[in-house]
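Observations on the model geometry
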Amino acid sequence: MDFQRARRALPIVAALLLAACGGGGGSSGSGPAPPPPQSQSYLDPTAYSSAGGASLAQPVETASVTHHAIAVGGTTLHYTATAGHLTAMAPVAGTAEASFFYVAYTLDGAAPAARPVTFFYNGGPGSASAWLHLGSYGPRRLVTGMPRTDAPTPFALVDNAETLLDVSDLVFVDAIGSGYSEAIAPNINRTFWGVDADAAVFRDFVMRYVSVNQREASPKFLFGESYGTTRSAVLSDLLESAGVDLEGVVLQSAVLDYNSNCALVARIIQPCTGYVPSYAATAAWFGVSRPVPADSALPDFLGQARTLASTRFDPEARAALAAGAQPDAALIADLAAFTGMPAGTWQSHFNMAPDFFRYNLLAGMTTGRYDARVTVAGTTPPSGDDDPSSYLITPSFAFRIGDYLANELGYTNPSGYTLLSNAIQSWNFSHDGRPLPDTVPDLAAAFAQNPRLKLLVFDGYDDLATPFFTTERDLARLGGTADVQVRGYVGGHMLYLDDAARPQAKTDLAAFYRRARGS
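This text gives an overview of the structure that appears in the document. (Residues numbered from 1 in each chain as written. Predicted model: local features only at pLDDT ≥ 70, side-chain atom pairs only at ≥ 80, totals over all residues. Heavy atoms only, no water.)

Some remarks on the packing of helix H3 (residues 227–241) against helix H11 (residues 440–449)
Contact geometry of H3 with H11 gives a least axis separation of 7 Å together with a crossing angle of 30°. Comparing the axis directions of H3 and H11 gives the class roughly parallel. As H3 packs across H11, the resulting crossing turns out to be left-handed. Facing H3, whose interface residues are Ala 233, Val 234, Ser 236, Asp 237, Glu 240 and Ser 241, H11 presents Asp 442, Leu 443, Ala 445, Ala 446 and Gln 449. (Axes fitted to C-alpha atoms, helices over the stretch in contact; angles between N-to-C directions. Helix = DSSP H or I, 4+ residues; strand = E, 2+ residues; numbered from the N terminus. Parallel < 35°, antiparallel > 145°, perpendicular 65-115°, else oblique. Left-handed = near helix turned anticlockwise from the far one by under 90°. Contact = heavy atoms within 4.5 Å.)

Structure, rendered in structure tokens:
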């Protein structure tokens, strides 16, 4: 779960069931099962805190190690799961900066030098990686049934047929102040709560993981979601500058330039151009657009919506914001047809913000922000959260991550696992001399340092947090020399929760990895 408004932090108390210690590593295996290796569980006695002023007195590097198998595409994969902490070290001084909690899945039996390794993280800022970990391409996933809302809760945890483990080793990393990750004194968690400091300490974690696990020769990939894509842009440049070449970067529901999204910060007054095609996609899903496109016609329909947004809406919205100009009647009529929102509403709310759209598209209903296809009756937010695509799934992720770590991965801790800290409330968003980050230049710098680098971007058409057209417009600034692929799917911010989108995205991911590796 990314891009939160930080209304709450959700502690999860892990059951204390197992004890011992372990380490990490990596490799590939299919076919007959070898004799089962011995697992090592770990009861971590350290008390972790997500408070901004918190820190650990000294680093602790211990992990549980467990062994598992999963059937993927008719092949049984044997793998090792390592759950615990590694310490990010300052690159010059060599001093301990922060203790990162991570879970790594490494395929048994393969030569590490030929085996890719992918680092996954969510965003927030302040979010742990549990959403990607238990929702996307790990070996186990939650059955959410999205966008339906009738799945039994807490959601069942099942083997993931779309796991990326057949392609790459997987490392899920929690940002400082989330999960069980914490700063090491004299640093405090808040030391790393900013665009530049966060990316730098992630760089140091990646380099430490690579060194400790002897993965220097492994092809390396980054996979970030939401604010995690902001991190990825800066991190990719930092890693390349540090001599760590990347094969590829995957951006899920990207936000690269905060200054181009009309809904991110209230003081930014600009056209909501990037949202118009997402409004059209949502209207098509609910059958209120005119016309309602067939599934096969949706790409063309959204192409027309992009053209409407960029060539007609954008210039008139800029004129309206600058001088109070009245929008053209023909444009208003076309906006009404594409989005299902009445012409009179467009006339009175021309530069329409996504929250207004969510509350007014369907009479007496609220649609989701992360996934606009999810609806609830009424327009009164329960418990301060106005997004049903968030609050209807969060409790299951909160419960399952602690249960999974303890009961399947052998890692237990007396602290609560922090799904979302309050980091965003004091986050330093400044970057490159601007109060809000624009990380497109960071991506450009990474490409300049490594011309072989490849970028894959996943977008959900029904995401009203990080709209796909805004991302496309931001990426266009990279020009034609960067190797960028953009893939859109019917789905929301966490499109991997959709049972139709997830297999499609896995197919595209596998092809991307093959291409990035030249195979």
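Here's the deal with the pairing of strand S3 (residues 63–72)
Consecutive side chains of a regular strand alternate in pointing toward one face of the sheet and then the other. Taking burial as the measure, the 10 residues of S3 include 7 buried ones, the bulk of the element. Pairing between S3 and strand S4 (residues 75–89): 10 bridges, direction antiparallel. Across the sheet, residue His 68 finds its bridge partner in S4, namely Tyr 79. A loop of 2 residues connects S3 with S4, the two strands running antiparallel in sequence, and Gly 73 in this loop sits at a positive phi of about 60°. (Buried < 20%, exposed > 50% of the residue type's maximum accessible area, 1.4 Å probe, protein only. Pairing = 2+ DSSP bridges.)

Side note on the packing of helix H4 (residues 276–285) against helix H5 (residues 298–323)
Following both chains from N to C, one finds H4 and H5 inclined at 145°, their axes separated by 8 Å at the closest point. Relative to H5, H4 is oriented so that their crossing is right-handed. Across the interface between the two elements, Val 276, Pro 277, Ala 280, Ala 281 and Ala 284 of H4 pack against Leu 298, Phe 301, Leu 302, Ala 305, Arg 306, Ala 309 and Phe 313 of H5. Considered class by class, the residues forming the contact of H4 with H5 number 11 nonpolar, no polar and 1 charged. (Nonpolar A, V, L, I, M, F, W, Y, C, P; charged D, E, K, R; others polar.)

Overview of the pattern of salt bridges
Two side chains that carry opposite charge are able to pair once their charged atoms sit near each other. Within this structure, the stated rule accounts for 27 salt bridges. With its nearest N and O atoms 3.7 Å apart, the salt bridge here joins Arg 434 to Asp 438. A relative accessible area of 8% means that Asp 438 is categorised as buried. One network of salt bridges, in which partners are shared, links Asp 257, Arg 434, Asp 438 and Arg 477. (Salt bridge = Lys/Arg side-chain N within 4 Å of Asp/Glu carboxyl O.)

Considerations on the state of the cysteines
Overall, the coordinates contain 1 disulfide when judged by the stated rule. There is a disulfide in this structure between Cys 262 and Cys 272, and the S-S distance comes to 2.0 Å. Between Cys 262 and Cys 272 the disulfide shows an S-S torsion of about 105°. By sign, it is right-handed. With a gap of 10 residues between them, Cys 262 in the loop between strand S12 (248–252) and H4 and Cys 272 in the loop between S12 and H4 connect regions that are remote in the sequence. (Disulfide = S-S within 2.5 Å.)

Points about the packing of aromatic side chains
In this structure the tally under the stated criterion is 34 aromatic pairs. Note on Phe 100 and Phe 205: the rings are 5.0 Å apart at their centroids and 40° apart in plane angle, and the pair reads as tilted. Of this pair, Phe 100 sits in strand S5 (residues 96–107) while Phe 205 sits in helix H2 (residues 195–212), and the two are 105 residues apart along the sequence. You can call Phe 100 buried: its relative accessible area is 0%. Relative accessible area serves as the criterion here: at 0%, Phe 205 is assigned to the buried category. Measuring from ring centre to ring centre gives 6.0 Å for Tyr 102 and Phe 205, while their planes differ by 55°; the resulting arrangement is tilted. Taken together, the residues span a long stretch of sequence, with Tyr 102 in strand S5 and Phe 205 in helix H2 at a distance of 103 residues. Assessed through its relative accessible area of 4%, Tyr 102 is described here as buried. (Phe/Tyr/Trp six-rings, centres within 6.5 Å; stacked < 30°, edge-to-face > 60°.)

Digging into the environment of Phe 120
On the secondary structure map, Phe 120 appears in strand S6 (residues 117–121). Taking the C-alpha atoms as reference, Phe 120 lies 14 Å from Leu 456; in sequence the two are 336 residues apart. Beyond its immediate sequence surroundings of up to four residues, Phe 120 is in contact with Ser 129, Leu 132, Leu 164, Leu 170, Val 171, Phe 172, Val 173 and Phe 223.

Some details on the nonpolar core
With 60 residues, the main nonpolar core has Tyr 105, Tyr 417, Phe 458 and Leu 509 as its most contacted residues. Leu 509 has contacts with Tyr 137, Leu 164, Phe 223, Val 250, Leu 456 and Phe 458, leaving out every residue within four places of it along the chain. Tyr 102, Tyr 121, Phe 192 and Leu 222 belong to the second-largest nonpolar core, a separate cluster that totals 41 residues. (Core = buried A, V, L, I, M, F, W, Y, C linked by side-chain atoms within 4.5 Å.)

As for the pairing of strand S11 (residues 220–225)
Burial runs high along S11: 6 of the 6 residues are buried. Residues of S11 alternate between two faces, with Lys 220, Leu 222 and Gly 224 on one and Phe 221, Phe 223 and Glu 225 on the opposite face, all of them buried. Pairing geometry for S6 and S11, over 5 bridges, is parallel. Bridge pairing in S11 links Tyr 121 to Gly 224. Pairing of S11 with S12, which is carried by 5 bridges, proceeds in the parallel orientation. Bridging from a neighbouring strand, Glu 225 pairs with Gln 252 of S12. With respect to chirality, the unit in which S11 leads through H3 into the neighbouring parallel S12 is right-handed. (Right-handed = clockwise from strand over helix to strand, strands pointing away.)

Looking at the layout of surface pockets
By volume, the second largest pocket is sized at about 200 Å³. If you go around the second largest pocket, the residues you meet are Ala 281, Ala 284, Trp 285, Pro 293, Asp 295, Ser 296, Leu 298, Pro 299, Asp 462 and Val 490. Those elements giving two or more residues to the lining of the second largest pocket turn out to be H4 and H5. Here the lining of the second largest pocket gets 3 residues from one element, more than from any other, and that element is H4. The residue inventory of the lining of the second largest pocket, partitioned by class, reads 7 nonpolar, 1 polar and 2 charged. (1 Å grid on protein atoms, 1.4 Å probe; cavity = no way out; pocket = protein on both sides within 12 Å on 5 of 7 lines; lining within 4 Å. Points joined across faces, edges and corners; volume = space filled by probe spheres on them.)

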